[in-house]
Amino acid sequence: MRWMRTGSPIAQEGQKTRRGKRDNALKLIDVLAPSDRSRHIDAAWHLIGSRIALFLVLAVTGLVMTAWFAGWESLQSFIHGLPTMKFNTALGLSLLAMAGLSRTCLRSRSRVGVVAAQTLACLAAAIGAVTLVEVSFGIDLGIDTLLVSDPQSVLQGHPPGQMSLATSFALLLMALGQVLVIQVRYERVGRGLVLVAGGIGAVGMAMYVIEDIAELKHNGVFSTLAIHTAVLLVLLAIGFSLAWRARRCMADDDSCRSVRQHIRHSMPMALTIAGVLVLGLAATAIVTVHANRALVESAEANFRNISGRLTREVQRRTNLIVYGLKGARGLYEASKAVERAEFMAYVHSRDLHVDFPGAIGMGVIEHVQRSELDAFLADERADGAPDLRVYGIQPPGGTGDRLPDLYVIKHVYPIKDNHQAWGLDIGSQSVRRSAVERAVATGEPTITGRIQLVQDHKSHAGFLYLVPVYKNGTNPQTPQERIEALECLVYSPIVLEFGMTDILDIVDGGLDFEIFDGQDPRADNQLYDCDKHLAGQTGRIDASHYRRRMFMMKTPIQVGGRTWTVTTSTSPVFEAAINYATPIMIALSGTILSILLSVIVWALAVSRSRALALAHDMTFELKASEQATRDAARKAERLAEIARRTSNAVIITNKDVRIEWVNEGFTRLFGYGFDEVIGQQPMALMGCPTGDPDACGRIEDALTRGEDVTVELSGSTKDGDELKLLNELVPLRDDVGAQARCMLIQNDI
């Protein structure tokens, strides 16, 4: 590539060509009238402003589209919890930005840029129109998820990938405006459509910060309008308007070249403006992210706080029945024997539904050996229970019938609600029996796993809470001693759903929660689902089932010797109560301030360009004036040389008709020396007071009026010799046409 080095003929020729083009452009600028130059400067800076705005839109939409492909949810919505900019929205806005940039091209006057702008605008219009059709007729044309999926919208109950109605309408209006403005007859209509679209964006921005119109966020038209979508709509309207204003100043190729040259000269300042805008927006983004993070952390801390309250309330309500059961145990410990009527009176003395939420009764379970079952039945029937019969949960002949002992419910009250459980051998079913044996062996209150209560026909999650009662006078310490000293068990059947009624009132409905038996939440060990959002789920329940929730946490609790897991998550009430005003205000105010600062720098740059152009004009005029002065001086020198060498007498006077200069012909003709006549009046020297009064008067009038005149006049020399003179008077004027001197040429006739 040695032939391309700077000193090669080809390189030198290229440099000459570039210098020639630059010189031609400079000459073009020099010959422009000041008014044209001012208009071209304005057009150049309007184009610079337009390009900055449109490039910014293109950069943001490109970032959002990349975020959709890469799955970066934080960039789809810059503020957590606010609507996201959909992929189709970003695509449509980027097409409009490219259409606007095509109209700022100054390379030629061909229709390539116009066709490109119209094509891109039509594609954007198609995206907006298809969305309007989908929303209006409730159909899915497949365009919303053509390139990317949007599971988040599905979880939130919105159509996946579908932009808001306001966005689609603004997109369509702006695209149609871009197409129509090219046609002269529809130019005003096109500009009006673009301004309306920009107004939609402005309303979208305002609804995030002005309380009076904040309800628009819940309106179906604006509900999913992202805040950065609204900002970009406004920027597009500004960019289009600036480009159109610039195009009005470029009617021909010369004006285009002049504007292009001004843009090149202004490129450093243009880059400065773009840098100010980018730095301002970057700083705004950083501060907004930190503010949003602080808001999310505060909301999460609040969530954990009220989750703790809710979890403790769940544990308290579930374990509350233990106090009632221990009271019943105290009844046995204080008496040698507790008769049926006494136990019934104790149960009826308590308001079960109020004192022990979820408990539907209280009863007594007695451990009976199968060999002693008949004697047990005889004693109970003699104690006022003639209808008592013992039955098992499993069908006759099952495993329960082969066990050597039974755990029979001999009392349960209120009997009306629990009659079907009376006489039940709970030892005939493994879950119940396991809990009874654990309660007896440990001596601690114990709850069964989830069971179906025989007295509950609605398949609620049911449990038996058991408290063992040992014989008076005993103090068993080992499991075997406890089994041998067992008197009975007092118990309470519990329906968990009844116990959780109105529990959300303590957190103002801000949370949802589920309860699972064990530490591994699964669909088959779910005990309670507050809002039923896990209905129909199978297998393990993990974080993916809570993706539409802002926060979720799992907390293990101890209930009757078992470990339950309470899973809490945010509800729409909680998320709606989060005040995003701070990050929104930071984002909007920072964006507006960045734009205003850029506009200030832009205005200063425009003023600077105008000042430089004015200085250029003044310099050009000064140089022209100096050149004219030099030309006049050279001309005067030539005339003076001619005057010196001519034989005629030549006199030059100032505006006061006093002699400033005479030539040698004058001194020879009249006999006066040069110094003698300087400052004298020529008419006095020529003897006009004694000569022809009319001729002298004509000369004086001509001198006064600054007019040419030729007269014959008699005069006299210094020595008194008479002369007959032909006098030709010529006024000398300055650059503005005013008389500055007079030249009198005299010829001796």
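Procedures and definitions
- Residues numbered from 1 in each chain as written.
- Predicted model: local features only at pLDDT ≥ 70, side-chain atom pairs only at ≥ 80, totals over all residues.
- Heavy atoms only, no water.
- Helix = DSSP H or I, 4+ residues; strand = E, 2+ residues; numbered from the N terminus.
- Buried < 20%, exposed > 50% of the residue type's maximum accessible area, 1.4 Å probe, protein only.
- Contact = heavy atoms within 4.5 Å.
- Phe/Tyr/Trp six-rings, centres within 6.5 Å; stacked < 30°, edge-to-face > 60°.
- Axes fitted to C-alpha atoms, helices over the stretch in contact; angles between N-to-C directions.
- Parallel < 35°, antiparallel > 145°, perpendicular 65-115°, else oblique.
- Left-handed = near helix turned anticlockwise from the far one by under 90°.
- Nonpolar A, V, L, I, M, F, W, Y, C, P; charged D, E, K, R; others polar.
- Patch = residues over 30% accessible without salt bridge, like charges linked within 9 Å, V, L, I, M, F, W, Y side chains within 5 Å.
- Areas by Shrake-Rupley, 256 points an atom, 1.4 Å probe, with all protein chains shown as cover.
- Salt bridge = Lys/Arg side-chain N within 4 Å of Asp/Glu carboxyl O.
- Pairing = 2+ DSSP bridges.
- Core = buried A, V, L, I, M, F, W, Y, C linked by side-chain atoms within 4.5 Å.
- Lys, Arg positive; Asp, Glu negative; His and termini not counted.
- Charge placed at Lys NZ, Arg CZ, Asp CG, Glu CD.
- Arc of directions from axis to C-beta.
- Expected span 1.5 Å × (residues − 1).

A. Spatial organisation of the overall build of the protein. The helix and strand tally for the protein stands at 25 helices and 16 strands. Considering the protein as a whole, with its 749 residues, one finds that 45% of them fall into the buried category. Sequence-distant contacts, at least 24 apart, represent 63% of the contacts inside the protein between residues at least 6 apart.

B. Looking closely at the packing of aromatic side chains. Throughout the structure, instances matching the rule amount to nine aromatic pairs. Ring geometry for phenylalanine 513 against tyrosine 528: centres 5.3 Å apart, planes inclined by 40°, an arrangement best described as tilted. A residue pair is termed long-range when its members are at least 10 positions apart, and phenylalanine 513 in strand β8 (residues 511–517) and tyrosine 528 in strand β9 (residues 526–529) qualify at 15 residues. Across this residue pair, the class does not change: phenylalanine 513 and tyrosine 528 are buried. Ring geometry for phenylalanine 666 and phenylalanine 670: centres 4.8 Å apart, planes at 35°, overall tilted. With phenylalanine 666 and phenylalanine 670 both in helix α22 (residues 664–670) and four residues apart, this pair spans about one turn of that helix.

C. Spotlight on the packing of helix α8 (residues 187–206) against helix α9 (residues 227–247). Packing of α8 against α9 leaves a shortest axis separation of 7 Å and a crossing angle of 150°. Our classification of the angle between α8 and α9 gives roughly antiparallel. Crossing of α8 against α9: the hand is left-handed. Of the residues in α9, those touching α8 at Gly190, Arg191, Val194, Leu195, Ala197, Gly198, Gly201, Ala202, Gly204 and Met205 are Ala230, Val231, Leu233, Val234, Ala237, Phe240, Ser241 and Trp244. The residue inventory of the contact of α8 with α9, partitioned by class, reads twelve nonpolar, five polar and one charged.

D. Layout of a nonpolar patch on the surface. Taken together, the side chains of Val133, Phe137, Ile139 and Leu141 present a nonpolar region at the surface, about 380 Å² in accessible area. Examined against the element boundaries, phenylalanine 137 turns out to sit in helix α5 (residues 112–137).

E. Expanded view of the pairing of strand β7 (residues 486–495). Counting buried residues in β7 gives nine out of ten residues, a clear majority hidden from the surface. Both strand β1 (residues 362–369) and β7 contribute to a ladder of three bridges, which runs antiparallel. Paired with glycine 363 across the bridge in β7 is tyrosine 491. Sheet topology note: the strand β6 (residues 462–470)/β7 ladder contains nine bridges and is antiparallel.

F. Main features of the nonpolar core. Leu236, Phe343, Val490, Phe513, Ile515 and Trp564 are the most contacted members of the largest nonpolar core, which totals 131 residues. Discounting residues that sit within four places of it in the chain, leucine 236 has contacts with Leu54, Val57, Leu93, Leu96, Ala97 and Met174. Within the second largest apolar cluster, 31 residues are counted, among which are Ile365, Val368, Ala385 and Ile451.

G. Spotlight on unusual backbone geometry. In this structure, proline 414 follows tyrosine 413 across a cis peptide bond, with omega equal to -5°. Counting through the fold element by element, proline 414 comes out in the loop between β3 (405–413) and α16 (415–418). You will see that lysine 532, though not glycine, has its phi angle at about 60°, which is positive. A positive phi angle, near 60°, is found at valine 657, a position not held by glycine. Mapped onto the fold, valine 657 is located in the loop between β12 (649–653) and β13 (659–662). On the accessibility criterion, valine 657 (23% relative accessible area) is partly exposed.

H. Spotlight on a negative patch on the surface. A cluster of acidic residues, Glu339, Glu342, Asp379 and Asp383, forms a negative patch at the surface. Residue placement: aspartate 379 occurs in helix α15 (residues 373–382). A relative accessible area of 55% means that aspartate 379 is categorised as exposed.

I. Just the side chain of threonine 89, in detail. Tracing the backbone through its elements, the reader meets threonine 89 in helix α4 (residues 87–102). Here threonine 89 falls in the buried class, since its relative accessible area comes to 3%.

J. Up close: helix α13 (residues 340–348). Every buried residue of α13 is accounted for by Arg340, Phe343, Tyr346 and Val347. Seen end-on, α13 carries its buried residues on one side only, within an arc spanning 125°.

K. Quick look at the environment of proline 476. Its location among the elements puts proline 476 in the loop between β6 and α18 (479–484). The class of proline 476 is buried, set by a relative accessible area of 15%. Sequence separation of proline 476 and alanine 441 is 35 residues, and the distance between their C-alpha atoms is 9.8 Å. Once residues lying within four places of it in the same chain are set aside, the contact partners of proline 476 are Tyr470, Glu481, Arg482 and Ala485.

L. Structural view of α4. End to end, α4 covers 23 Å across 16 residues, agreeing with the expected 22 Å (1.5 Å per residue, within 8%). Within α4, 14 of the 16 residues are buried, which leaves it mostly tucked inside the rest of the structure.

M. Quick peek at the pattern of salt bridges. Using the criterion set out here, one finds 20 salt bridges in the structure. In this structure, arginine 340 engages glutamate 380 in a salt bridge whose closest nitrogen and oxygen atoms are separated by 2.6 Å. Of the two residues, arginine 340 is situated in helix α13 and glutamate 380 in helix α15; the sequence distance between them amounts to 40 residues. The two residues arginine 340 and glutamate 380 agree in class, both being buried.

N. Spatial organisation of the packing of helix α7 (residues 165–180) against α8. The geometry of α7 relative to α8 is characterised by a closest axis approach of 7 Å and an angle of 155° between their N-to-C directions. One element, α7, and the other, α8, form an angle in the roughly antiparallel class. Of the two elements, α7 crosses α8, and the hand of that crossing is left-handed. Contact residues: Ala166, Phe169, Ala170, Leu173, Met174, Leu176, Gly177, Gln178 and Leu180 in α7; Glu187, Val189, Gly190, Leu193, Val194, Val196, Ala197, Gly198 and Ile200 in α8. Here the contact of α7 with α8 is built from residues that sort into 13 nonpolar, four polar and one charged.

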